[in-house]
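# Structural characterization, general
Here are the chains, one letter per residue:
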Amino acid sequence: MILPLLCLACGFAAPLQDNAPPAPAAAELYEDRPGADPNGIDRYYMGRQIARVMGHQGANWLERRTRQQEEDLNTLIRLLKLEPGMTVADIGAGSGVIAQRMAPKVDNGEAPGGVVKAVDIQPEMIARLRGRMKQRGIDNVEPVLSDPTDPKLEPGSVDVAVMVDVYHEFDDPHAMTAALVKALKPGGRLVWVEYRAEDPRVPIKAIHKMSEAQVKKEASRPEFGLEYVDTADALPRQHVITFRKPAADEAEDAAE
Ligand SMILES: C[S@@+](CC[C@H](N)C(=O)[O-])C[C@H]1O[C@@H](n2cnc3c(N)ncnc32)[C@H](O)[C@@H]1O
């Protein structure tokens, strides 16, 4: 049985997962009021003010030389446990710094066909990402120009969807999470990489950080049907929080 999920932006009912309870009405999900932080928009979701989208003018910051050391990108990629042959989605890929590092992990000659879908809503970011991959001869990163509520991924096609420093700036995190759950294969993983709000030493504006508890609260909404896997805190600044979509038979067992 397919149950409906109300998409806030598009205003129609869309299917999510079998056995998942229906989503609450759109008006219950969001609170539209003046934001306390000028770096955010005038909308709150589950008690959290949503951040403004980082413009493409910020691409140089994403590509800064010191980033490897500050964020330990090698460890981040290792924590994602990518395997040859996987289809991975880099959601909010920006100019492709993360996608570039994921690409050789899913296609290293052992299993053909591993691909990184690099999804972003800004055409300027997508153009810059294309240039980066071309310059480096990387041919298994597929740029996807998406919409704020639709990552434009095939249902049931993705092994791992990764969101590096982006979830907190989704205009409509409920619609995006629902769409990503739909895009995952049964057993597929959805990974939040967010600056740690609990740690005042992390030198990032508060609105661009998230606590582990807040991520878990938002990811654990019953209509998503996601299962918490773990939280890795091996990075200098970010949490890596992993949920998974249960396989079909697991979801049936849970409903019995
Ligand atoms: C702070 S940047 C992070 C880029 C990249 N993940 C990295 O770490 O280098 C956030 C990116 O997410 C994109 N973005 C924001 N909302 C989005 C959405 N709903 N769907 C896809 N991309 C989104 C922005 O356009 C921007 O390029």
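Residues numbered from 1 in each chain as written. Predicted model: local features only at pLDDT ≥ 70, side-chain atom pairs only at ≥ 80, totals over all residues.

## As for the overall build of the protein
Put simply, the test is: Helix and strand assignments follow DSSP, with helices taken as H or I runs no shorter than four residues and strands as E runs no shorter than two, numbered in order from the N terminus. Residue burial here comes from a neighbour count, namely the number of other C-beta atoms, placed from the backbone, that lie within 10 Å of the residue's own C-beta, with 20 or more meaning buried, 12 or fewer meaning exposed, and in between meaning partly exposed. A pair of residues counts as a contact when their C-beta atoms, built from backbone coordinates, are separated by no more than 7 Å.
Counting its secondary structure elements, the protein contains nine helices and 13 strands. Each of the three principal axes of the protein carries a C-alpha extent, and together these read 50 × 45 × 35 Å. Counting the 256 residues in the protein, one finds 39% classified as buried. Of the contacts formed within the protein by residues at least 6 apart in sequence, a portion of 66% connects residues at least 24 apart.

## Observations concerning the site of the ligand
What counts is decided by this rule: Using a C-beta atom placed from the backbone, a residue is scored as near a molecule or strand whenever that atom is within 6 Å of it.
In the neighbourhood of the ligand, 22 residues make up the surrounding shell, with L62, G92, G94, V164 and V166 lying closest. Mapped by element, the contributors of at least two residues to the shell around the ligand are helix 5 (97–106) and strand 7 (115–120).

## Digging into the sheet that holds strand 4 (residues 40–45)
Put simply, the test is: Two strands are said to pair when DSSP picks up at least two bridges between them. In this description, a line fitted to the C-alpha atoms serves as the axis of each element, helices being fitted only across the stretch in contact, and the angle between N-to-C directions of two axes falls anywhere from 0 to 180 degrees.
Reading across from one edge, 3-4-5 is the order of the three strands in this open sheet, with antiparallel pairing throughout. Looking at which strands have only one partner, the edges of the open sheet turn out to be strand 3 (30–32) and strand 5 (48–51). With strand direction ignored, the average angle separating the axes of adjacent strands in the sheet is 40°. Judged from the three bridges that link them, strand 4 and strand 5 form a sheet pairing that is antiparallel. The partner of G40 across the bridge, within strand 5, is A51.

## Comments concerning the nonpolar core
Rules: Definition of nonpolar core: a set of buried Ala, Val, Leu, Ile, Met, Phe, Trp, Tyr and Cys residues joined via C-beta atoms within 7 Å.
Core analysis: the largest hydrophobic core is formed by 54 residues, its most contacted members being A161 and V162. For this core, the element with the most residues is helix 7 (residues 173–183), which contributes seven residues. Apart from residues lying up to four places away in sequence, V162 is in contact with L80, V88, D90, I91, V191 and V193.

## Some details on helix 6 (residues 123–136)
Note the following rule: Multiply 1.5 Å by the residue count of a helix minus one, and that product is the helix's expected span. Note that the arc is defined by the directions from the helix axis to the C-beta atoms.
Relative to the 20 Å expected for 14 residues at 1.5 Å per residue, helix 6 spans 20 Å between its end C-alpha atoms, a close match to the ideal helical length. By the burial criterion, the buried members of helix 6 are M125, I126, L129 and M133. End-on view of helix 6: buried residues confined to an arc of 95°, all on one side of the axis. The exposed residues of helix 6 that point more than 90 degrees off its buried face are P123, G131, K134 and Q135. Each element contacted by the buried residues of helix 6 is listed here: helix 2 (59–62), helix 5, strand 7 and strand 8 (141–145).

## Comments concerning the environment of M102
Secondary-structure assignment places M102 in helix 5. For M102, a count of 27 C-beta atoms within 10 Å corresponds to the buried category. The residues contacting M102, other than those within four sequence positions of it, are I77, L82, V88, D90 and V116.

## Structural notes on the confidence of the model for the protein
The line we're drawing: Confidence scores here are pLDDT values: one per residue, from the predictor, ranging 0 to 100.
Here the protein averages 91 in pLDDT, and 90% of its residues register 70 or above. In this model residues 1–15 is a low-confidence stretch, pLDDT under 50, and it forms 35 contacts with partners more than four residues away in sequence or in other chains.

## Description of the pairing of strand 4
Looking along a regular strand, one sees side chains alternate from face to face of the sheet. Note: strand 3 against strand 4, three bridges, orientation antiparallel. Bridging from a neighbouring strand, Y30 pairs with Y45 of strand 4.

## Looking at the environment of P236
As for its placement among the helices and strands, P236 is situated in the loop between strand 12 (227–232) and strand 13 (238–244). Taking the C-beta count within 10 Å as the criterion, P236 has 14 such neighbours and is therefore assigned partly exposed. Beyond its immediate sequence surroundings of up to four residues, P236 is in contact with E70, E71 and D72.

## Some details on the environment of D199
As for its position among the elements, D199 is in the loop between strand 10 (184–196) and strand 11 (209–210). On the basis of neighbour count, D199 is assigned to the partly exposed category, with 15 C-beta atoms found within 10 Å. As for D199 and R237, which are separated by 38 residues in sequence, their C-alpha atoms are 8.3 Å apart.

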